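For reference, the chains in residue letters:
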Protein chains: 8
Amino acid sequence: MAFTYNRLDKNNAAVLLVDHQAGLLSLVRDFSPDDFKNNVLALADIAKFFGLPTILTTSFEDGPNGPMVPELKAMFPDAPYFARPGQINAWDNEEFLAAVKATGKKQLIIAGVVTEVCVAFPVLSALEAGYEVFVCTDASGTFNQTTREASWSRMEQAGAQLMTWFAIGCELHRDWRNDVEGFGGLLAGHLPQYANLIQSYSVQKG
Amino acid sequence: MAFTYNRLDKNNAAVLLVDHQAGLLSLVRDFSPDDFKNNVLALADIAKFFGLPTILTTSFEDGPNGPMVPELKAMFPDAPYFARPGQINAWDNEEFLAAVKATGKKQLIIAGVVTEVCVAFPVLSALEAGYEVFVCTDASGTFNQTTREASWSRMEQAGAQLMTWFAIGCELHRDWRNDVEGFGGLLAGHLPQYANLIQSYSVQKG
Amino acid sequence: MAFTYNRLDKNNAAVLLVDHQAGLLSLVRDFSPDDFKNNVLALADIAKFFGLPTILTTSFEDGPNGPMVPELKAMFPDAPYFARPGQINAWDNEEFLAAVKATGKKQLIIAGVVTEVCVAFPVLSALEAGYEVFVCTDASGTFNQTTREASWSRMEQAGAQLMTWFAIGCELHRDWRNDVEGFGGLLAGHLPQYANLIQSYSVQKG
Amino acid sequence: MAFTYNRLDKNNAAVLLVDHQAGLLSLVRDFSPDDFKNNVLALADIAKFFGLPTILTTSFEDGPNGPMVPELKAMFPDAPYFARPGQINAWDNEEFLAAVKATGKKQLIIAGVVTEVCVAFPVLSALEAGYEVFVCTDASGTFNQTTREASWSRMEQAGAQLMTWFAIGCELHRDWRNDVEGFGGLLAGHLPQYANLIQSYSVQKG
Amino acid sequence: MAFTYNRLDKNNAAVLLVDHQAGLLSLVRDFSPDDFKNNVLALADIAKFFGLPTILTTSFEDGPNGPMVPELKAMFPDAPYFARPGQINAWDNEEFLAAVKATGKKQLIIAGVVTEVCVAFPVLSALEAGYEVFVCTDASGTFNQTTREASWSRMEQAGAQLMTWFAIGCELHRDWRNDVEGFGGLLAGHLPQYANLIQSYSVQKG
Amino acid sequence: MAFTYNRLDKNNAAVLLVDHQAGLLSLVRDFSPDDFKNNVLALADIAKFFGLPTILTTSFEDGPNGPMVPELKAMFPDAPYFARPGQINAWDNEEFLAAVKATGKKQLIIAGVVTEVCVAFPVLSALEAGYEVFVCTDASGTFNQTTREASWSRMEQAGAQLMTWFAIGCELHRDWRNDVEGFGGLLAGHLPQYANLIQSYSVQKG
Amino acid sequence: MAFTYNRLDKNNAAVLLVDHQAGLLSLVRDFSPDDFKNNVLALADIAKFFGLPTILTTSFEDGPNGPMVPELKAMFPDAPYFARPGQINAWDNEEFLAAVKATGKKQLIIAGVVTEVCVAFPVLSALEAGYEVFVCTDASGTFNQTTREASWSRMEQAGAQLMTWFAIGCELHRDWRNDVEGFGGLLAGHLPQYANLIQSYSVQKG
Amino acid sequence: MAFTYNRLDKNNAAVLLVDHQAGLLSLVRDFSPDDFKNNVLALADIAKFFGLPTILTTSFEDGPNGPMVPELKAMFPDAPYFARPGQINAWDNEEFLAAVKATGKKQLIIAGVVTEVCVAFPVLSALEAGYEVFVCTDASGTFNQTTREASWSRMEQAGAQLMTWFAIGCELHRDWRNDVEGFGGLLAGHLPQYANLIQSYSVQKG
């Protein structure tokens, strides 16, 4: 049974950011707040860096779930943005779905809050629709570790690939020579320990 | 190999609550007692909210395993209830099995104590019988984390979908507009951190 | 150097509930939300059960910190309540301080959010003022375990006694015969595993 | 793709205890020593209780690996016992293999030390040979959690079922009425918390 | 400020076992059930081995708290035993206190369930009464780690010495030559990993 | 024995930042890199916000320990800065010590890498010299949790107060009315979960 | 669906060591530094012991990623070594790929830093190319546990076998009699607890 | 109450290594075997580097406790060495005590196995005798974390200073200029992550 490596391809991938809203973020407890904020912004930076079509959506943003976090809004001022009137699974929202199709991409990178609902539901729908789906696990958060593990199990079973923002960035970039400074800067901005290596190197190299 | 998203459907799902008994609950140590009680009652509330046929069963309730927890009994006064005379796997109890069949549903949401026996055994039997099976992992408890992980592995391997009460509720509800107040109230009653969001919102919105 | 056991005395103790506000509670991550809610309400029930003078206070409740959680407000409708206009240490609020003095008690049971500020600051002030201070550690929450440990260290060093709601309740009650039913009910309401023992007992005893 | 529930059958199962030796046990650090000793003896009691053919083997028992733990030897004085002269995978030992075949059983319950070698290797060999294989995960120990997880992954992938001694005992027993006292005694002997339930019950029932 | 080493002295120490009851034990979740049972029995064996006066007491043993665990009762058939009618702090029970005084010992080793109440309260009372107090921390259990840490803090602050059964046994024994076989047997019976060392040694030494 | 609350006073406190160097930071593993970077910058922001005299020092910055992290250097361009030629304890460096004395402050807030050396040594020296010492525990990092706990024990024993940046900021600020916007901004910049509260509030309040 | 046990065969296996560089190693936080160093050197010793063709590669070793760790370079002075000019996935480097093919082996043991990129990418490529792939999980490190788990999931899904250096060594060795002293020495050098067993044995055996 | 900083002084300190024996080491489970071995050898290297008088002792080394680990014996061939015939507290052995006194030092650095007995007992005895005592916490191991914490509490209470080998080395060294290469080499030999910094530095500096 031959295995095919469905490798992320910057020309064939879109990013879906689902329900990163100020209220919902207070529910995320499987990451520290600093780590989670950093992970979400790193994924957003990757989307920008590679020019991937990015779609944003929120659930009930006028209620207690709160508004989309402002950093994301600011980073994607022109991206399709859908404040869903009620559908829990973003894939059930026709406009959102049309926007996904309109990207013309076959690979979807999905992240959101909370993992087992706002991420898992569109992940499963997208897989059923024939997309290759890559979950950005560390830009997706939920109530606790047990919930996360159950949601990962369901998505794996369906054929989703579980990745992290760092792996996603590296698989999209393929070769440092495509842009050493740009990609190095992106990493340094989100990996303090990598920034330290660069700083020591710069100083020591003179 | 196409993936089919077997999505929970409130018109096609039944709930099986297996051996949530006062004695057996003292064995559950993979959740804090507060968390576990809340999870079980949340699943029960979901069953009520969506009007899902619900079946209760106990094992040796006249012995040290103790009686079904009274909250569950009170919530489902008219539900089929089977005090099994000895069968460890509830599926081996003919009356229980007849009741499951009588629901006419093809999707079973199963939770119980302890996970690797009272949940896993009927889960495997139901899968063999052709049902779509959804384990409510956080309303199912056992001795420790290692035992839980082994039991999850066995159920995954057989094709069960691992979920949590929150994901189950959201997948059944599909769209907030079906009943915003009702569903919001259900969540607030079992997610203190969500209740806080609602309270802040109400006050701030005025 | 003789040790004196400063034992909680229901005739000589008051309870201070500091900044249990809907917004601030979203910052608490050293307890699960279910556990923390239960702990806070258990302490409140203890205050009611023993008729201890109880004082509530909030910080900036009209801003993002949000309103006092409604359960507490409802339980203590006539208790002194101070919405502090700016003082971070409640002890710096003259009306709050006057209310504390007005209780005439020498033992203060203090809980709040977040531990290292809203609890620790008045704890240290009260110790300096000569009170015997008992921290209800599990009805006090903060950002993470490290922060909690640092705050405990500072309060211990100053002479505060670290307790939990269960120990506080038991030390105040002294003897079950003072009210077996009442105290048992209080415990059962906040310790699901104890409620299970009672239920099994009741059924088995017949 | 239909799922078949390969259910443990006391008439069709044998137990393989691999390398539970005094020296090797000092390497086990994914369980506390008390827990692990209890788990191994519980599995042995299950083998005895159900009269399952049981085979013991050791690796280099005259060297630092040390002798088979004496409790196991005492419990199975007449069981086939193979001190392997060098084969790391017990399945490579012809006498051991012949003994397995001689049981005439198609279901193998395997436990040993260390998990990723002494258990995983014969597990994979047995699966290749067409046996149904059940790993008793909590009577199998190794260096640390990471090693355990890797070994579980490899065995799952090959089709082994991961269980614990408690699930194995319950699946073999099927129905309490087959021997209430005997099975209850077995559980009480290895689950202190279950023994407590029984004791409370006995006293309260009078 | 000179330090005096208040060293446990087998001629001057008594053991108090407080509320190790079948029901209450189901509340203990800061140790695994196997570990906790072993720790309690190890302390009991130490009391027997050194012939230390031992006093047992229970709280409401006719109710849901349940009976004293039978192993302890069986080991100390002639020891003073007090089923307290209501006093939560055993020290408040006059007969218990009289029995403590009657031992004529100045060093008290205390263990019980739950730590912050049944242990901490008599610990503090005994310290106030001028006893040297040694808490057997691992034969004392409670709801969770946070509760344990708070209770340890309070007892430390009061001057109690926190020990474990192993340290208590070793400090009482002082010199292996007092009874090599007896003490070695005691350790081997409660430390499986030490029993393994002994077994390997015996076999290898021949 | 009366307790005096040595409360942080913005007019009487200085900040010492010890050895936050790019190389040494790679040794810090008791915090996630994101959390630690945030904590250090938060403390630096507090020093700026309250205009506290701040002193920076490094150890062997031309070698593998690497340069001071650039953010700190940039924030305090005019602060006294000492690249120590060899003294491990910064207090042994005469120029550093002179700079500390020159601040004229009696309260020292100290943070650094690694905790048990670069922080603990000057902490103990400063205590001996009569300063009131406040350790910023979460802006101080080291190899692992065990090392941290040992170092905390030593500093506590000597009389240092263990705090976190959040508690330090709040104790210095005393009253929100001194600068609501400024202090709120500082918190929001370093507590993503607090920033979320503010954002929801702003939107909901309109 | 028959299972085939693809067993490691010393005549058919090669080892790929990917990006174990001094700078990148500072990013590894899912193992303690001592454990990780030991694991990497153990795998290297295994490669030497069995004479497996071994290929080394680095990424941007002249930049902040730093040089290959010197121990590895010293152990394999004549091994193919590729300092990749930019390809993140080593498999994309034609010379590296040619070297892999030149080994003529069908089984690849792969380890590296960081797991989800430098290991997972060539693992997936090699699986696609038809190799049997064995990941040496404990000689592969990354940022944290969550990242590790996601990367393991992806590699499992593709059919890679997750192992540890100990299991790899044992599966390659097959029979102790092939070289008792050599293999025992290898284990003792990397398992302090096994070395202790050997030392006790040697002394006791005399 | 003035604090005096009892600072380790290489001219006034001796090292006591208590019961680091091959058998007893198998009991240590509060550190990974690799970490613990490294910590013990690091402390030994420190003793050698600073030429501190070092005393070794074992308990029943001819029995199952096993021989002193050979590395320590080899490093201190001429050090006083006492195989105690039975005293559990090394301080009770007159020859050991005489050797301690003969060093003429007032500062004792103590490490051993297991912490709560072989370390804590001589620590308390030495404190009573007026020595300044420094526990090398990470070269001392025991059964589990709970036991460690209890033993630390007892030693702290008595006035012992809890340190780690790294802090001990740094406090003894005082100034890198005393021997940059020597001390750097010592650290690099026991801190792989520091060795990496040095390697990167050397290469980058050229």
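Scoring rules and cut-offs
Residues numbered from 1 in each chain as written. Chains lettered and ligands numbered in written order. Predicted model: local features only at pLDDT ≥ 70, side-chain atom pairs only at ≥ 80, totals over all residues. Heavy atoms only, no water. Contact = heavy atoms within 4.5 Å. Buried area = accessible area lost by both parts, 1.4 Å probe. Salt bridge = Lys/Arg side-chain N within 4 Å of Asp/Glu carboxyl O. Polar contact = N/O pair within 3.5 Å; in protein donor to acceptor, adjacent residues only side chain to side chain. Helix = DSSP H or I, 4+ residues; strand = E, 2+ residues; numbered from the N terminus. Pairing = 2+ DSSP bridges. Axes fitted to C-alpha atoms, helices over the stretch in contact; angles between N-to-C directions. Phe/Tyr/Trp six-rings, centres within 6.5 Å; stacked < 30°, edge-to-face > 60°. Buried < 20%, exposed > 50% of the residue type's maximum accessible area, 1.4 Å probe, protein only. Lys NZ or Arg CZ within 6 Å of the ring centre and 35° of its normal. Least-squares fit on C-alpha atoms with pLDDT ≥ 70 in both.

Enquirer: Before we move on, could you go through the interface of chain A and chain B and cite the residues and values that matter?
Expert: Contacts between chain A and chain B engage 35 residues on the former and 34 residues on the latter. When chain A packs against chain B, the two sides together hide about 2900 Å² of surface, and 60% of this comes from carbon and sulfur. It is Pro 64, Ile 88 and Arg 154 of chain A that lose the most area in chain A upon contact with chain B, and together they represent 20% of the buried surface on that side. Summed over the shared surface of chain A and chain B, the number is 2 salt bridges. A salt bridge links Glu 171 of chain B to Arg 154 of chain A, with the nearest nitrogen and oxygen atoms 2.8 Å apart. Seen at the junction of chain A and chain B, the total is 12 residue pairs in polar contact (both at pLDDT 80 or more). Where the side of chain A that touches chain B is concerned, the elements lending two or more residues are helix H4 (115-128) and helix H5 (145-158) of chain A.

Enquirer: Any chance you could break down the sheet that holds strand S5 (residues 132-136) of chain A for me, citing the residues and the numbers?
Expert: Residues and elements named next belong to chain A. The strand order across the open sheet formed by 6 strands is S3-S2-S1-S4-S5-S6, and the pairing between neighbours is parallel. This sheet does not close on itself; its edge strands, each paired only once, are strand S3 (81-84) and strand S6 (161-163). On average, each strand axis in the sheet is inclined to that of its neighbour by 25 degrees, with strand direction left out of account. Summarising the sheet, strand S2 (residues 54-59) and S3 pair through 4 bridges and their orientation is parallel. Across the sheet, Ser 59 pairs through a bridge with Arg 84, a residue of S3. Running over the sheet, H4 touches strand S1 (13-18), strand S4 (107-112) and S5 and is turned about 165 degrees from S4.

Enquirer: I'd like a description of the interface of chain B and chain E, backed by residues and values.
Expert: With 6 residues of chain B in contact, the opposing surface of chain E contributes 6 residues. For the pair chain B and chain E, the summed buried area comes to about 390 Å², and 45% of that belongs to carbon and sulfur atoms. When residues of chain B are sorted by the area they lose upon contact with chain E, Ser 26, Arg 29 and Pro 33 of chain B head the list and together hold 90% of the total. For the pair chain B and chain E, the number of links is 0 salt bridges.

Enquirer: Any details on the packing of aromatic side chains? Residues and values, ideally.
Expert: Residue and element names in this part refer to chain G. Evaluation of the coordinates by the stated rule reveals 80 aromatic pairs over all chains. Both rings, one in Phe 49 and one in Phe 50, keep their centres 4.8 Å apart while their planes meet at 90 degrees; by these two values the pair is edge-to-face. In this structure Phe 49 comes out as partly exposed when scored by relative accessible area, which is 29%. Residue Phe 50 is classed as buried on the basis of its relative accessible area, which comes to 12%. Above the face of the Phe 76 ring, Lys 48 is positioned so that its terminal group lies 5.5 Å from the ring centre. The ring centre of Tyr 131 lies 4.7 Å from the NZ or CZ of Lys 106, which sits over that ring.

Enquirer: Provide a residue-level description of the pattern of salt bridges, including the pertinent values.
Expert: One pass over the full model with this rule turns up 40 salt bridges over all chains. The salt bridge partner of Asp 175 of chain H is Arg 177 of chain H, with a shortest N-O separation of 2.6 Å.

Enquirer: Run through the sheet that holds strand S3 (residues 81-84) of chain D, naming residues and quoting values.
Expert: Reading across the sheet, the 6 strands line up as S3-S2-S1-S4-S5-S6 (chain D) and stay open at both edges, with parallel pairing between neighbours. The outermost strands of the open sheet, each flanked by one partner alone, are S3 and strand S6 (161-163) of chain D. Averaged over all neighbouring strand pairs, the angle between strand axes comes to 25 degrees, with direction disregarded. Alignment of strand S1 (residues 13-18) of chain D against strand S4 (residues 107-112) of chain D, held across 6 bridges, turns out to be parallel. Counterpart to Val 18 of chain D in the pairing with S4 of chain D is Gly 112 of chain D. Against the sheet, helix H6 (residues 145-158) of chain B makes contact with strand S5 (132-136) and S6 of chain D, and its axis sits at roughly 150 degrees relative to S6 of chain D, the strand it touches most.

Enquirer: For the relation of the copies chain B and chain E, give the residues involved together with the corresponding values.
Expert: Mapping chain B onto chain E calls for a rotation angle of 180 degrees and an axial translation of 0.0 Å; the resulting RMSD is 0.0 Å. Taken together, the rotation and translation relating the two chain copies correspond to the operation of a two-fold axis. Rotation axis and chain B: the residue whose C-alpha lies nearest the axis is Ser 26 of chain B, separated from it by 2.9 Å. Most of the interface of chain B is mirrored in chain E, where 100% of its interface residues are also at the interface.

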